[in-house]
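Summary of structural features
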Amino acid sequence: MIDIDVKDKKSTTLNGVYETIADLIGFDNAVKLYENFRGSQVNFPTKLFSKEFVLQEAIKTYDGTSESINRIATKYNYSERTIRKLLKDHIKNS
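Criteria and thresholds
Residues numbered from 1 in each chain as written. Predicted model: local features only at pLDDT ≥ 70, side-chain atom pairs only at ≥ 80, totals over all residues. Heavy atoms only, no water. Helix = DSSP H or I, 4+ residues; strand = E, 2+ residues; numbered from the N terminus. Rg over C-alpha atoms; globule rule 2.2 N^0.38 Å. Buried < 20%, exposed > 50% of the residue type's maximum accessible area, 1.4 Å probe, protein only. Contact = heavy atoms within 4.5 Å. Areas by Shrake-Rupley, 256 points an atom, 1.4 Å probe, with all protein chains shown as cover. Core = buried A, V, L, I, M, F, W, Y, C linked by side-chain atoms within 4.5 Å. Expected span 1.5 Å × (residues − 1). Arc of directions from axis to C-beta.

**Here's the deal with the overall build of the chain**
When its secondary structure is counted, the chain shows five helices and zero strands. Put simply, the chain runs from its N terminus to its C terminus through helices and strands in the order α-α-α-α-α. In terms of C-alpha radius of gyration, the chain reaches 20 Å, well past the compact-globule figure of 12 Å for 94 residues. The principal-axis extent of the C-alpha atoms belonging to the chain is close to 60 × 25 × 20 Å. Looking at the chain residue by residue over its 94 residues, the buried ones come to 19%. Within the chain, counting contacts between residues at least 6 apart in sequence, those at least 24 apart form 40% of the total. Here the chain has roughly 7,500 Å² of accessible surface; of this, 52% comes from carbon and sulfur atoms.

What follows is the structure in structure tokens.
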């Protein structure tokens, strides 16, 4: 970890996007990200949860209605079409 005086551990001492990151997750965590990924280009996918996880959640909560498909899709930021396809493929392969 970078050795820095505790009084300087504030987001405003950081450059550019690191300031925003420090505001969101804290100074020390921003430094950890920097130390692990500096010089790398990092892209964050729009989907936080994997299809495998979403399928397992859909299997648990799907009640056969379009409303439940909509709830699942909205909750996990997937399209209703994708949820239907995941469930259909699961049933086909079971």
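**Points about the side chain of Ser68**
Take Ser68: it is sitting in helix H4 (residues 66–76). On the basis of relative accessible area, Ser68 is assigned to the buried category, the value being 1%. Sequence-distant contacts of Ser68, that is, excluding residues within four places in its chain, are made with Thr61, Tyr62 and Asp63.

**Details of the environment of Ile69**
Structurally, Ile69 is set in helix H4. Linking Ile69 and Lys9, residues 60 residues apart in sequence, is a C-alpha distance of 46 Å. Ignoring any residue separated from it by four or fewer positions in sequence, one finds Ile69 in contact with Tyr62, Glu80, Ile83, Arg84 and Leu87.

**Side note on the nonpolar core**
In terms of nonpolar packing, the biggest core is built from eleven residues, these being Val54, Leu55, Ala58, Ile69, Ile72, Ala73, Tyr76, Tyr78, Ile83, Leu86 and Leu87. Contributions of two or more residues to this core are made by helix H3 (51–61), H4 and helix H5 (80–93). The element that contributes the greatest number of residues to this core is H4, accounting for four residues. Residues within four places of Ala73 in sequence aside, it is in contact with Tyr78, Ser79, Glu80 and Ile83.

**Thoughts on H5**
For H5, with 14 residues, the first-to-last C-alpha span of 20 Å sits near the 20 Å given by 1.5 Å per residue. Looking only at H5, the buried set comprises Ile83, Leu86 and Leu87. One face of H5 carries all of its buried residues, which in axial projection span an arc of 90 degrees. For H5, exposure combined with an orientation more than 90 degrees from the buried face picks out Arg81, Lys85, Lys88, Lys92 and Asn93. The elements touched by buried residues of H5 are H3 and H4.

So far we have only geometry, and geometry alone does not tell us how the molecule works.
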